[in-house]
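Understanding the architecture of this molecule
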Amino acid sequence: MISIKNVNKSFGNHHVLTDINLEVPKSNVVALIGPSGAGKSTLIRTINALEEIDTGEIIVDGISIHDKKTDINKARTNIGFVFQSFNLYPFLSALENVTIAPMKVKGLSKAEAEKRGKELLTSLGLGDKFDAYPGRLSGGQQQRVAIARALAMDPQVMLFDEPTSALDPEMVKEVLDAIRQLANDGMTMVVVTHEMGFAKEICDQIVFMAEGKIVEVAPPEKFFTNPDSKRAQDFLSVVLNH
Amino acid sequence: MDIQLDWSVIPNNMDVFIQGALLTLEISAISLLLSIPLGVIFGIGRISRNPVIRFISSAYVEIMRGVPLLVLLMWIYFGLGQFFSLGSYWGSIVGLATFSGAFLAEIVRSGIQAVPKGQMEAARSAGMSNFQAMRYIILPQAFRRILPPMASQFIILIKDSSLISVIAGVDLTLKAKNLAATSFRYIEIWTFVALVYFIMTFSLSLIIRQIEKRMLKNEQ
Ligand SMILES: Nc1ncnc2c1ncn2[C@@H]1O[C@H](COP(=O)(O)OP(=O)(O)OP(=O)(O)O)[C@@H](O)[C@H]1O
Ligand SMILES: [Mg+2]
């Protein structure tokens, strides 16, 4: 479903992604983990072309994302993106946040968009928050609205860049539960996360990055008990002991 | 010297003042309406990725900021007027609108840049084009932020409009000047005219404050 081939990217003369290759089959969930500055955010943002790439190719559901001939706006409707800092539209209510893109981009009628939006918000436990503005919602609620907003476009793929890192600890679970539900429903997902327990539980593959390279790819049972690389061993000994 | 004030000149000519004030409001409002699209277009132009658009927009803003309004009005009426006469009414409006548009452009630019980058990213991620993201997500937020400076700009516009009397633009100031020239009641007339300008600008401040309050309430 997602195919990343020989991707390289620099910011100026700082080489941030080096020879990245990664396959994410349909309905698989991949966790991207690694130390700060490893290039995780940069990589996940190249998948929907929020960042450009210098060389290589990224194919999502058969579409070459960075090809100049690709209609990137259309391609992006198939890829949901959830940000660490939610990025909800503060001047729109929760429901309007969810319905605006389906209406303006997909041309859905207000009634259709609202019907679907209400279903999504309700299924994420926000059935009583349709009219609430983001400023009135807790961090966990905001992030669930953001997930509903992404799902409203009916994407085949969902990308999450540290979806729980900006949350107070007591709200992490509600967001992880929502992502877990998506995994159970068979959504193809890439999740940048520091939640190791969560990664272990729901992911099919762990992708470990350091210094712009993919150092190791392994199923969670193997990665968390017996990683091959020294970098991953060091990283785990630090994060698992804290 | 013993000056005798005679305020009766004010009520006796109230129709002239009211007419003048209405003309001032009319010219300012039309100029504002024309300057808003100029401000939006050139404000966005200043942060465009296209260097030609950026250059043109910056040139417009810098020139308008560097030339006094009085000189611009003279240039339009007497200079440009030799080839292409707009008349004093439309000449005044065009002068005020292009002048004010440049200041609005700066206000719009800073308003857009104050919207967090994540808003554009969220909109684009959902498949909106750059134009859609601007129109539905960025500008509505920018406008909330720039309402106060835009209101000050409108107030400046009302006050600046008094300059159009130099190109025979008929407004409160010109009417007052003519009245003063025939009645010789300078202190009375100009004091009252100052008061009328103050009332117009101050009521505008109050209205804008109400609009701001309503917008803020919506976002809580
Ligand atoms: N827009 C940018 N301009 C220049 N350098 C950047 C930019 N974005 C990221 N970088 C650099 O690229 C490198 C990788 O950054 P990235 O944000 O992808 O790391 P990360 O793995 O997501 O880290 P974290 O866990 O802290 O979020 C870092 O050295 C960062 O400073
Ligand atoms: Mg990051």
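Please read these numbers as outputs of a predicted model, since none were measured by experiment. (Residues numbered from 1 in each chain as written. Chains lettered and ligands numbered in written order. Predicted model: local features only at pLDDT ≥ 70, side-chain atom pairs only at ≥ 80, totals over all residues. Heavy atoms only, no water.)

Once that is clear, we can look at the confidence of the model for chain A. Overall, the predicted model of chain A reaches an average pLDDT of 94, with 100% of residues at or above 70. Of all secondary-structure elements in chain A, the lowest mean pLDDT belongs to helix 9 (residues 230–240) of chain A, at 88, while helix 3 (residues 94–104) of chain A reaches the highest, 97. (pLDDT = per-residue confidence, 0-100. Helix = DSSP H or I, 4+ residues; strand = E, 2+ residues; numbered from the N terminus.)

Looking now at the UniProt feature "domain: ABC transporter" (unreviewed entry) in chain A. Taking the UniProt record as the reference, the feature "domain: ABC transporter" (unreviewed entry) is found at residues 2–236 of chain A. Between the C-alpha atoms that bound residues 2–236 of chain A the distance is 27 Å, and the span itself is 37% helix and 26% strand. (UniProt positions renumbered as here; feature names shortened; annotations may be inferred.)

Moving on, we get to the interface of chain B and chain A. Between chain B and chain A, the residue contacts involve 20 residues of the former and 22 residues of the latter. At the boundary of chain B with chain A, total buried surface from both sides reaches about 1,900 Å², with 57% on carbon and sulfur atoms. A salt bridge links Glu121(B) to Arg45(A), with the nearest nitrogen and oxygen atoms 2.7 Å apart. Our count for the chain B to chain A interface comes out at 7 residue pairs in polar contact (both at pLDDT 80 or more). Of all the elements in the fold, those that place two or more residues in the side of chain B that touches chain A are helix 6 (117–125), helix 7 (130–160) and helix 9 (186–219) of chain B. Take the side of chain B that touches chain A: its biggest share by element is 7 residues, from helix 6 of chain B. Among the residues forming the side of chain B that touches chain A, the class breakdown is 7 nonpolar, 9 polar and 4 charged. (Contact = heavy atoms within 4.5 Å. Buried area = accessible area lost by both parts, 1.4 Å probe. Salt bridge = Lys/Arg side-chain N within 4 Å of Asp/Glu carboxyl O. Polar contact = N/O pair within 3.5 Å; in protein donor to acceptor, adjacent residues only side chain to side chain. Nonpolar A, V, L, I, M, F, W, Y, C, P; charged D, E, K, R; others polar.)

Attention now moves to the sheet that holds strand 1 (residues 2–11) of chain A. All names here are of chain A. Strand order in this open sheet of 4 strands is 2-1-4-5, and the pairing throughout is antiparallel. For this open sheet the edge positions go to strand 2 (14–24) and strand 5 (63–64), each flanked by a neighbour on one side alone. Of the strand pairs in this sheet, strand 1 and strand 2 are connected by 7 bridges, and their pairing is antiparallel. Each bridged residue has a counterpart across the sheet, and for isoleucine 2 the counterpart in strand 2 is valine 24. Across the sheet, helix 1 (residues 40–47) lies against strand 1, strand 2 and strand 4 (55–60), angled at about 125° from strand 1, the strand it touches most. (Pairing = 2+ DSSP bridges. Axes fitted to C-alpha atoms, helices over the stretch in contact; angles between N-to-C directions.)

The next thing to look at is the confidence of the model for chain B. Here chain B averages 91 in pLDDT, while 98% of its residues score no lower than 70. Interface confidence for the predicted complex, expressed as ipTM, amounts to 0.92; the pTM equals 0.83.

What follows is about the UniProt feature "domain: ABC transmembrane type-1" (unreviewed entry) in chain B. If you check UniProt for "domain: ABC transmembrane type-1" (unreviewed entry), the listed places come out as residues 21–208 of chain B in our numbering. Helix and strand shares over residues 21–208 of chain B are 83% and 0% respectively, and the end C-alpha atoms of the span are 20 Å apart.

This part covers the site of ligand 1. Residues and elements named next belong to chain A. By nearness alone, 13 residues border ligand 1, and Ser36, Gly37, Lys40, Ser41 and Thr42 come closest of all. The separation between an oxygen atom of ligand 1 and a polar side-chain atom of lysine 40 is 2.8 Å. Protein coverage of the free-state accessible area of ligand 1, which is 640 Å², stands at 60%. Listed by contribution, the elements that provide at least two residues to the shell around ligand 1 are strand 2 and helix 1. Of the residues contributing to the shell around ligand 1, the split by class is 4 nonpolar, 7 polar and 2 charged. (Near = heavy atom within 4 Å. Areas by Shrake-Rupley, 256 points an atom, 1.4 Å probe, with all protein chains shown as cover.)

The next point concerns the nonpolar core. Ile2(A), Ile4(A) and Leu159(A) are the most contacted members of the largest nonpolar core, which totals 54 residues. Here this core gets 9 residues from one element, more than from any other, and that element is helix 7 of chain B. Contact partners of Ile4(A), with chain neighbours within four places excluded, come to Ile20(A), Asn21(A), Leu22(A), Leu43(A), Ile47(A), Glu57(A) and Ile58(A). Core analysis: the next-biggest nonpolar cluster, separate from the first, contains 51 residues, Leu151(A), Phe160(A), Met189(A) and Ala232(A) among them. (Core = buried A, V, L, I, M, F, W, Y, C linked by side-chain atoms within 4.5 Å. Buried < 20%, exposed > 50% of the residue type's maximum accessible area, 1.4 Å probe, protein only.)

For the rest of this paragraph, the subject is the packing of helix 2 (residues 14–46) of chain B against helix 8 (residues 172–183) of chain B. All names here are of chain B. Relative to each other, helix 2 and helix 8 sit at 150°, their axes nearing to 7 Å. If you check the angle between helix 2 and helix 8, you find them roughly antiparallel. Between helix 2 and helix 8, the residues in contact are Val16, Phe17, Gln19, Gly20, Ala21, Leu23 and Thr24 and Leu172, Lys175 and Leu179, respectively. The residue inventory of the contact of helix 2 with helix 8, partitioned by class, reads 6 nonpolar, 3 polar and 1 charged. (Parallel < 35°, antiparallel > 145°, perpendicular 65-115°, else oblique.)

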